[in-house]
Each structure stands twice: as structure tokens, then as C-alpha cells.
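Here is what each chain is made of, one letter per residue.
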Amino acid sequence: MLEIRDLQVFYGGIHALRGITLRVPRGSLVTLIGANGAGKSTTLRAVTGLVRPRSGSIRLEGQEIGSWPTHAIVRRGVALVPEGRRVFANLTVQENLVMGAYTQPEPSMAELFERVYRLFPRLSERRHQKAGTLSGGEQQMLAVGRALMSRPRLLCLDEPSLGLAPILAREVMEALASIHREGTTVLLVEQNARMALSMAEYAYVLETGRIVLEGPGPVLLENPQVRRAYLGER
Ligand code: ATP
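On a predicted model such as this, the values are computed, not experimentally measured, just so you know.

Criteria and thresholds
Residues numbered from 1 in each chain as written. Predicted model: local features only at pLDDT ≥ 70, side-chain atom pairs only at ≥ 80, totals over all residues. Heavy atoms only, no water. Axes fitted to C-alpha atoms, helices over the stretch in contact; angles between N-to-C directions. Helix = DSSP H or I, 4+ residues; strand = E, 2+ residues; numbered from the N terminus. Left-handed = near helix turned anticlockwise from the far one by under 90°. Contact = heavy atoms within 4.5 Å. Nonpolar A, V, L, I, M, F, W, Y, C, P; charged D, E, K, R; others polar. Buried < 20%, exposed > 50% of the residue type's maximum accessible area, 1.4 Å probe, protein only. Pairing = 2+ DSSP bridges. Near = heavy atom within 4 Å. Polar contact = N/O pair within 3.5 Å; in protein donor to acceptor, adjacent residues only side chain to side chain. Areas by Shrake-Rupley, 256 points an atom, 1.4 Å probe, with all protein chains shown as cover. 1 Å grid on protein atoms, 1.4 Å probe; cavity = no way out; pocket = protein on both sides within 12 Å on 5 of 7 lines; lining within 4 Å. Sits in = over half its atoms within 2 Å of the grid points. Phe/Tyr/Trp six-rings, centres within 6.5 Å; stacked < 30°, edge-to-face > 60°.

Visitor: Explanation requested: the packing of helix H3 (residues 93-100) against helix H6 (residues 136-148) in the structure shown.
Guide: When two helices pack together, their arrangement is given by the angle between the helix axes and the distance between those axes. Across the interface, H3 lies against H6 with an axial gap of 7 Å and an inter-helix angle of 35 degrees. Where H3 crosses over H6, the handedness of that crossing is right-handed. In this structure, H3 uses Val-93, Asn-96, Leu-97 and Gly-100 to contact H6, whose residues at the interface are Leu-142, Gly-145 and Arg-146. Looking at the contact of H3 with H6, its residues break down into 3 nonpolar, 3 polar and 1 charged.

Right under this line is the structure:
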């Protein structure tokens, strides 16, 4: 589905990605983990056209998209749930969802709402509530729901569990697992390495703009280096 090769990204003089190579096969759930500043968000921004790579290749279903504008990438079936759940605070839950569906024909709307409300019953109960009055966890659910309204084939998420109480983080992750089971390919960036590795088929560990380790999620979960650096063990 997605293939990144030797990707280099600079922000002015800052060399944020120093040659990233990774694959997200169709139907898979792949995670990127790593410390603050490792380049996880930058990788997602490059995939969604929000930063321009200096060099390297980003292929979506075989097509080079590294120089495409974001709207063209969205139309090809990629959605991003950005860090910090930027929902439209003054719009209701339902209006936020409509904003996510701008690429979709009108008749499919009801079915799309139904899917989001089935995955997140809390949003269904609050559909006429202003998004700004939702709790942090509910706003995160809305951010994921809004991304689903574009019927993505590749769903990219930037730290969806950040700042959430453990029980809500689990609820969001369980919804992601369902979305993945229903056939959407998922690229998940997470700081909560334990949760991400336990659900990912394949995982990459980033350190200062490079991939330093990769493997099936459950295998990395047992890796002593990962356990020490990311799971708080000695
Ligand atoms: P975090 O978990 O803290 O979001 P991350 O792994 O997602 O970290 P990035 O946000 O991708 O890391 O940042 C990678 C590097 O690029 C960091 O050194 C960061 O300071 C730098 N960087 C990110 N965005 C910009 C920007 N807009 N301008 C300048 N430097 C940036």
C-alpha cells in the first residue's frame, strides 16, 4: 500500500529524517515508535504532503506521491488524524463529521455516520453537542471518526492516545483494532510503545531521524533494548 525509501526531510537546517525506509502492506497495522523528536510526526507529514521531502521516494499503491499536494493524496484514500486532535470546537460532533466527508458523495453520508457511531457510541449520544465541550478522549474519538468519513484506505494516526486516561486510551485503541479488522490499512505513530507494539503486525523504532530497529510488534515487545528504552524496564 505504502512504500517509503530513503526519505530525507529537512526543516531549514534541521535534518529531521535521515533516510527512512519502511513498508506498510495493504491490510496491515504498522506502528512507528520512538522518543520525542525522533521524526515520527515528520514521517506522517511527508506521507500526507504536509512537508516536502528533500529526497527519497514515497509510493502509494505504486505511484510516487512525494511531490503531490495534500488534497490529491486525500483523494487517493489517505487520511491523517493529527497530533492534538484538532476538532472544530464551535461545530457539533455531527458537523465535524460532515467536514471530514467533503470528498464523499451525499448519499453515502448516512452509512458513514452509522459506522462512526457504531465504533464510538459515546459520539452518537453527543452528536448535537459542540465539539469544544467534549472531554479529551471524546475529542480524540471524534478526530478518528472525522478521518473515517473520507473512507480512507490508509489511515495515519499521530499519537491518538496522548494525554488520555488509560481507560479512554484503551477504548480508542480498541476502535482502531476494529477499523483495521474491517479492512483499513493503519499506520500508527505512538509514544505508548507497549500498547502500539502489542497490536501492530510490524513495527519500526525511530531514533533521531533513522530507523534503528524493526520487526513484528510482539517480537519487539520482547526485545531487551526496546524494553529498556521504551517500556521503562532496566
Ligand atoms: P514528538 O513525539 O515529540 O512529536 P516526533 O518523533 O514526532 O516527536 P518530529 O515532530 O517529527 O518528531 O520532529 C523531528 C525533528 O524535527 C525534531 O528535531 C523537531 O524539533 C524538528 N521539527 C519538527 N517540526 C519542525 C518545524 N516545523 N520546524 C523546525 N523543526 C521541526
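Visitor: Can you help me understand the pairing of strand E3 (residues 29-34) in this one?
Guide: As a general feature of sheets, a regular strand has side chains that alternate between the two faces. Counting buried residues in E3 gives 6 out of 6 residues, a clear majority hidden from the surface. Of the two faces of E3, the one lined by Leu-29, Thr-31 and Ile-33 and the one lined by Val-30, Leu-32 and Gly-34 are each fully buried. Both E3 and strand E8 (residues 185-190) contribute to a ladder of 5 bridges, which runs parallel. In the strand pairing of E8, Leu-32 is matched with Val-189. Across 5 bridges, E3 lies against strand E9 (residues 202-207) in parallel orientation. Residue pairing across strands places Leu-32 opposite Tyr-204, the latter belonging to E9.

Visitor: Quick question: what am I supposed to make of the sheet that holds strand E2 (residues 14-24) here?
Guide: Reading across from one edge, E2-E1-E4-E5 is the order of the 4 strands in this open sheet, with antiparallel pairing throughout. The outermost strands of the open sheet, each flanked by one partner alone, are E2 and strand E5 (63-64). Together, strand E1 (2-11), E2 and strand E4 (55-60) form the strand contacts of helix H1 (residues 40-47), whose direction differs from that of E1 by roughly 110 degrees.

Visitor: How should I be thinking about the site of the ligand in this particular structure?
Guide: As a matter of local geometry, the ligand sits amid 15 residues, with Asn-36, Gly-37, Gly-39, Ser-41 and Thr-42 nearest to it. One nitrogen or oxygen atom from the main chain of Ala-38 is found 3.1 Å from an oxygen atom belonging to the ligand. With respect to the ligand, the side chain of Gln-191 contributes an N or O atom lying 3.3 Å from an oxygen atom. Look at the ligand: alone it shows 630 Å² of surface, and the protein chains cover 65% of it. The pocket occupied by the ligand, as judged from atoms lying within 2 Å of grid points, is the second largest pocket.

Visitor: When you look at the sheet that holds strand E6 (residues 78-81) in this model, what are you seeing that I'm missing?
Guide: Strand pairing in a sheet relies on backbone hydrogen bonds. The paired strands run either parallel or antiparallel. Pairing in this open sheet of 6 strands is mixed, and the strands run E6-E7-E8-E3-E9-E10 from one edge to the other. The sheet is open, and its two borders are formed by E6 and strand E10 (210-215), each paired with just one other strand. Here the average twist between neighbouring strands, direction ignored, is 15 degrees. Where H1 meets the sheet, it contacts E3, E6, strand E7 (154-158), E8 and E9, and its direction lies at approximately 145 degrees from that of E7. Lying over the sheet, H6 contacts E6 and E7, oriented at roughly 170 degrees with respect to E6.

Visitor: How do you make sense of the packing of aromatic side chains when you look at a structure like this?
Guide: To describe a pair of aromatic rings, you give the distance between the ring centres and the angle between the ring planes. Applying the stated criterion across every chain yields a total of 2 aromatic pairs. The interplanar angle of 10 degrees and the centroid separation of 6.1 Å between the aromatic rings of Phe-113 and Tyr-117 together place this pair among those described as stacked. Separated by 4 residues within a single helix, Phe-113 and Tyr-117 lie in helix H4 (residues 109-119), roughly one turn from each other. For the pair formed by Phe-113 and Tyr-117, the shared burial category is buried.

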